[in-house]
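# Observations on chain architecture
Now for the letters of each chain:
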Amino acid sequence: MVLLHVLFEHAVGYALLALKEVEEISLLQPQVEESVLNLGKFHNIVRLVAFCPFASSQVALENANAVSEGVVHEDLRLLLETHLPSKKKKVLLGVGDPKIGAAIQEELGYNCQTGGVIAEILRGVRLHFHNLVKGLTDLSACKAQLGLGHSYSRAKVKFNVNRVDNMIIQSISLLDQLDKDINTFSMRVREWYGYHFPELVKIINDNATYCRLAQFIGNRRELNEDKLEKLEELTMDGAKAKAILDASRSSMGMDISAIDLINIESFSSRVVSLSEYRQSLHTYLRSKMSQVAPSLSALIGEAVGARLIAHAGSLTNLAKYPASTVQILGAEKALFRALKTRGNTPKYGLIFHSTFIGRAAAKNKGRISRYLANKCSIASRIDCFSEVPTSVFGEKLREQVEERLSFYETGEIPRKNLDVMKEAMVQAEEAAAEITRKLEKQEKKRLKKEKKRLAALALASSENSSSTPEECEETSEKPKKKKKQKPQEVPQENGMEDPSISFSKPKKKKSFSKEELMSSDLEETAGSTSIPKRKKSTPKEETVNDPEEAGHRSGSKKKRKFSNEEPVSSGPEEAAGKSSSKKKKKFHKASQED
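Just so it is clear, the structure is predicted and the values come from calculations on it, not from any experiment. Note that residues are indexed from 1 along each chain, following the sequence as it is written. Only residues with pLDDT of at least 70 get local features here, since the model is predicted, and only at 80 or more are side-chain atom pairs given and counted; chain-wide, interface and lining totals rely on the full set of residues. Side-chain numbers come from the whole structure's heavy atoms, not from hydrogens or water.

### Some details on the sheet that holds strand 2 (residues 13-19)
Strand order in the open sheet formed by 5 strands is 3-2-1-4-5, and the pairing between neighbours is mixed. The sheet terminates laterally at strand 3 (46-53) and strand 5 (111-113), the two strands that pair on one side only. Looking at each pair of strands side by side, their axes are set apart by 25° on average, direction ignored. We treat two strands as partners when DSSP finds at least two bridges between them. Helix numbers and strand numbers start at the N terminus; a helix is a DSSP run of H or I with at least 4 residues, a strand a run of E with at least 2. Of the strand pairs in this sheet, strand 2 and strand 3 are connected by 7 bridges, and their pairing is antiparallel. The residue of strand 3 that forms the bridge with Ala-18 is Arg-47. Contacts are assigned to residue pairs with any non-hydrogen atoms lying within 4.5 Å of each other. Axis angles are defined between N-to-C directions and span 0 to 180 degrees, where every axis is a line fitted to C-alpha atoms and, for a helix, only to the segment in contact. Sitting on the sheet, helix 4 (residues 74-83) is in contact with strand 1 (3-9), strand 2, strand 3 and strand 4 (91-94), with an inclination near 30° to strand 2.

### Considerations on the packing of aromatic side chains
When two rings of Phe, Tyr or Trp (its six-membered ring) have centres within 6.5 Å they constitute a pair, described as stacked for plane angles under 30 degrees, edge-to-face for angles over 60, and tilted for the intermediate range. All told, the structure shown has 9 aromatic pairs when counted by the stated rule. Look at Phe-185 and Phe-267: their rings are 5.8 Å apart centre to centre, the planes differ by 70°, and that puts the pair in the edge-to-face class. With Phe-185 in helix 8 (residues 166-194) and Phe-267 in helix 13 (residues 258-292), this residue pair connects regions lying 82 residues apart in the sequence. A relative accessible area of 32% places Phe-185 in the partly exposed class. Only protein chains enter the area calculation, which uses a 1.4 Å probe; residues under 20% of their type maximum are buried, those over 50% are exposed, and those in between are partly exposed. A relative accessible area of 22% means that Phe-267 is categorised as partly exposed. Plain terms: the ring middles of Phe-407 and Tyr-408 are 5.9 Å apart, the flat faces sit at 50° to each other, and that makes the pair tilted. An aromatic cluster is defined as three or more aromatic residues linked by ring pairs; in this entry it consists of Phe-8, Phe-51 and Phe-129. One Lys or Arg, Arg-190, reaches over the ring of Tyr-210 and ends 4.8 Å from the middle of that ring. Comment: the charge-over-ring label is applied if NZ (Lys) or CZ (Arg) is within 6 Å of the ring centre and within 35 degrees of the ring normal.

### Let's talk about the pattern of salt bridges
Any carboxyl oxygen of Asp or Glu that lies within 4 Å of a side-chain nitrogen of Lys or Arg is treated as forming a salt bridge with it. According to the stated counting rule, one finds 19 salt bridges in the structure shown. With a shortest N-O distance of 3.9 Å, Arg-77 and Glu-74 are connected by a salt bridge. Of this pair, Arg-77 and Glu-74 both sit in helix 4, separated by 3 residues, roughly a single helical turn. By relative accessible area, which is 52% here, Glu-74 ends up exposed. The shortest N-O distance in the salt bridge between Glu-399 and Lys-396 comes to 3.9 Å.

### Structural notes on the packing of helix 10 (residues 207-217) against helix 13
For any two helices packed against each other, one specifies the crossing angle of their axes together with the interaxial distance. Where helix 10 contacts helix 13, the axes come no closer than 9 Å and their chain directions differ by 145°. Remark: the crossing between helix 10 and helix 13 carries left-handed chirality. From helix 10, Ala-208, Cys-211, Arg-212, Ala-214 and Gln-215 reach across to helix 13, where they touch Glu-265, Ser-268, Ser-269, Val-271, Val-272, Ser-275 and Glu-276. Only Asp, Glu, Lys and Arg are considered charged in this grouping, and only Ala, Val, Leu, Ile, Met, Phe, Trp, Tyr, Cys and Pro are considered nonpolar; every other residue, Gly among them, is considered polar. Looking at the contact of helix 10 with helix 13 residue by residue, the classes come out as 5 nonpolar, 4 polar and 3 charged. What makes a crossing left-handed is the near helix being turned counterclockwise from the far one by less than a right angle; a clockwise turn instead makes it right-handed.

### Thoughts on the nonpolar core
Definition used in this section: a nonpolar core is a set of buried Ala, Val, Leu, Ile, Met, Phe, Trp, Tyr and Cys residues joined via side-chain atoms within 4.5 Å. One finds Leu-296, Leu-299, Ile-300, Ile-309, Leu-318 and Leu-372 to be the most contacted residues of the largest nonpolar core, which totals 46 residues. Looking at this core element by element, the count peaks at 8 residues for helix 20 (residues 365-385). Each of domain 2 (166-281) and domain 3 (293-435) accounts for three or more of the residues forming this core. Not counting residues up to four positions away in its chain, the partners in contact with Leu-299 are Phe-356, Leu-372, Lys-375, Cys-376, Ala-379, Gly-394, Leu-397, Arg-398 and Val-401. Core analysis: the second largest hydrophobic core is formed by 24 residues, Ile-204, Leu-213, Leu-231 and Ile-264 among them. Just so you know, the domain bounds were taken from an automatic or database domain assignment.

Pasting the structure below:
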């Protein structure tokens, strides 16, 4: 009896399942279709043999890439070799992808089957997978699928920004469309303005120049000798400018109103702007081709190379094509028509626009197109898979095509391909080294600029942060200076102007004992007590604006103090103060009696 196992790939890991009691796979298909939606019935048919979870999202992405490319990953190999029976002939493995099935059968030797009942079983496993694996919920399985899908998509579209060929495909398509539109619009301008100035059509053949002249001339009756210099500038030919001026004087065209001229000039200006944009787009295409496919553009030109890439879909697809496909690329209708009618197949497709085929003789067009297609295939592969793009190989391949063309015409034997490629390899290494040096210099310059920018930002932030403490220090220093200045001014006033403030001098006698006060001399007491008193009394004196008020207050405090203490002879100053106060009282009483 053959044992049927099913391999299921999920975002969280590989699952190996076995079908219970299987003899005829074809007889099982209706039963599976009925039991897919019912979990109980599905458990009676399928059982989980092994589950190998992925260690990380990076490992899951590697396994997904391997499965999509049809490669057996080491994790899958270990799972199958460990849990499948050793007798490979009695094992039938069901897989969903034929590519991975063929790879497993080739590398491991297990018979693989796809489609039919396998697809139905995998559909049921996909539906009930979170119930088959312990610890796995439906929400976590959905999150794992979403994360792996995003990672897989990012890895597929993650290319070098400077070497993306999608821009080339869009540019060449837009360029071809612009050529058609400009041609159509220019014919409309010719027909419209030809009613007024029909002779201009025969003199000027270029569409863009005709539109510029129609915009500049306007009414032909206003054209005179003053505008001849501008006409020569537009036509870049003095004879044509003179012919236009002569034709305007004897023209057979009809008169035209001002509103019609305004519309013609407006439409002509739009056609001129389209033609200018077409030139800038062509310049952009040339720059992109020199970055993405320098060898191919050096061989057959930017326009033809871009058309080949656009027709193939990408540069990678073009590199995968054989030379015979590149030769007839773009002539598919003629090919299938020839195969259907059993006629002659086409000799060339898009490469016909190259200059080589046009220069070859009629009998040699097929030979040179075949040779050119061979070189185009080589150039596209070099461009696609080389790390550093360089045009050296394209130039050497172009020289080979030139030599082959001259061989067809003159019989001169060209150089061997081996010798040419050896020269190209030497030159390509030198060019690659030069390009890498330039890139390193650019990277160093960019890093220096970035460091300078970061240093400037750090300096600016440090200045902003340090400015606020400095301001605070300045504001705190200003009152300190005032505190120092006030005590210097106060003693001058006390000493020079008001003698009554001398009462505040013995205020700091608290720190001295009574014996010291009695034994000390008046002058020593005044000198010793004045210095500490002034230093410590400054905070109190700052609040007082008038020094006389401070003196009276200190004097009153002194009186209160001495009333509590024993009477001490403080010298002639205090006696003079008491006598003066008594005289003032007597004088005050006498004034009241009068």
